[in-house]
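Listed below are the residues making up each chain.
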Amino acid sequence: MYIIKVKGVAKIPDYVQLRDDKFTLLAYFRVDRPEKSLDKIGLGDKYDYIMGVVQELPFGKILKLDL
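Reading guide: rules and limits
Residues numbered from 1 in each chain as written. Predicted model: local features only at pLDDT ≥ 70, side-chain atom pairs only at ≥ 80, totals over all residues. Heavy atoms only, no water. Salt bridge = Lys/Arg side-chain N within 4 Å of Asp/Glu carboxyl O. Helix = DSSP H or I, 4+ residues; strand = E, 2+ residues; numbered from the N terminus. Buried < 20%, exposed > 50% of the residue type's maximum accessible area, 1.4 Å probe, protein only. Pairing = 2+ DSSP bridges. Axes fitted to C-alpha atoms, helices over the stretch in contact; angles between N-to-C directions. Phe/Tyr/Trp six-rings, centres within 6.5 Å; stacked < 30°, edge-to-face > 60°.

In the nomenclature of an unreviewed UniProt entry, the protein chain is known as Fructose-6-phosphate aldolase of Mucilaginibacter pallidiroseus.

## Remarks on the pattern of salt bridges
All told, the structure shown has 2 salt bridges when counted by the stated rule. The residue D21 makes a salt bridge to K64 at a minimum N-O spacing of 3.9 Å. Placement of D21 in the loop between β2 (15–19) and β3 (25–30) and of K64 in strand β4 (residues 62–64) is noted, with a sequence separation of 43 residues between them. A relative accessible area of 55% means that D21 is categorised as exposed. In this structure, R30 and D32 form a salt bridge, with 3.0 Å as the shortest nitrogen-oxygen distance. Using a relative accessible area of 23% as the deciding quantity, one classes R30 as partly exposed.

## Description of the sheet that holds strand β1 (residues 2–6)
Spatially, the 4 strands line up as an open sheet ordered β3-β2-β1-β4, and their pairing is antiparallel. Since the sheet does not close on itself, it has two edges, and those belong to β3 and β4, each with one partner. This sheet shows a mean twist of 20° between the axes of neighbouring strands, independent of strand direction. By the bridge criterion, 3 bridges tie β1 to β4 in an arrangement that is antiparallel.

## What about the packing of aromatic side chains?
Per the stated rule, a full pass over the model turns up 2 aromatic pairs. Ring geometry for Y15 against Y28: centres 4.6 Å apart, planes inclined by 5°, an arrangement best described as stacked. Here the residue Y15 occupies a position in strand β2, and Y28 occupies one in strand β3, the gap between them amounting to 13 residues.

## Details of unusual backbone geometry
The backbone of A10 shows a phi angle near 50°, a positive value even though the residue is not glycine. By secondary structure assignment, the location of A10 is in the loop between β1 and β2. Positive phi is not limited to glycine here, since F23 has a value of about 70°. Mapped onto the elements of the fold, F23 is located in the loop between β2 and β3.

## A closer look at the pairing of β3
Consecutive side chains of a regular strand alternate in pointing toward one face of the sheet and then the other. In this structure, β2 lies alongside β3, joined through 5 bridges in antiparallel fashion. Residue pairing for β3: Q17 is matched across the bridge by Y28. Where β2 hands over to β3, the hairpin turn is made up of 5 residues, of which F23 adopts a positive phi near 70°.

Written out as structure tokens, the structure is:
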């Protein structure tokens, strides 16, 4: 799984993309509202880990996650 943090501009907020190994979009959520999207794809139990990675991840970088 891959994670990408996208910088928002003006009124558009920052977003996070989660993609699988084939780079198919699994989830797309606002940095400040991740709970519903993570629960929807079955990663609600990994919330603390994923959000910790998001906080450290620079905008525009792609990081491979091993969950």
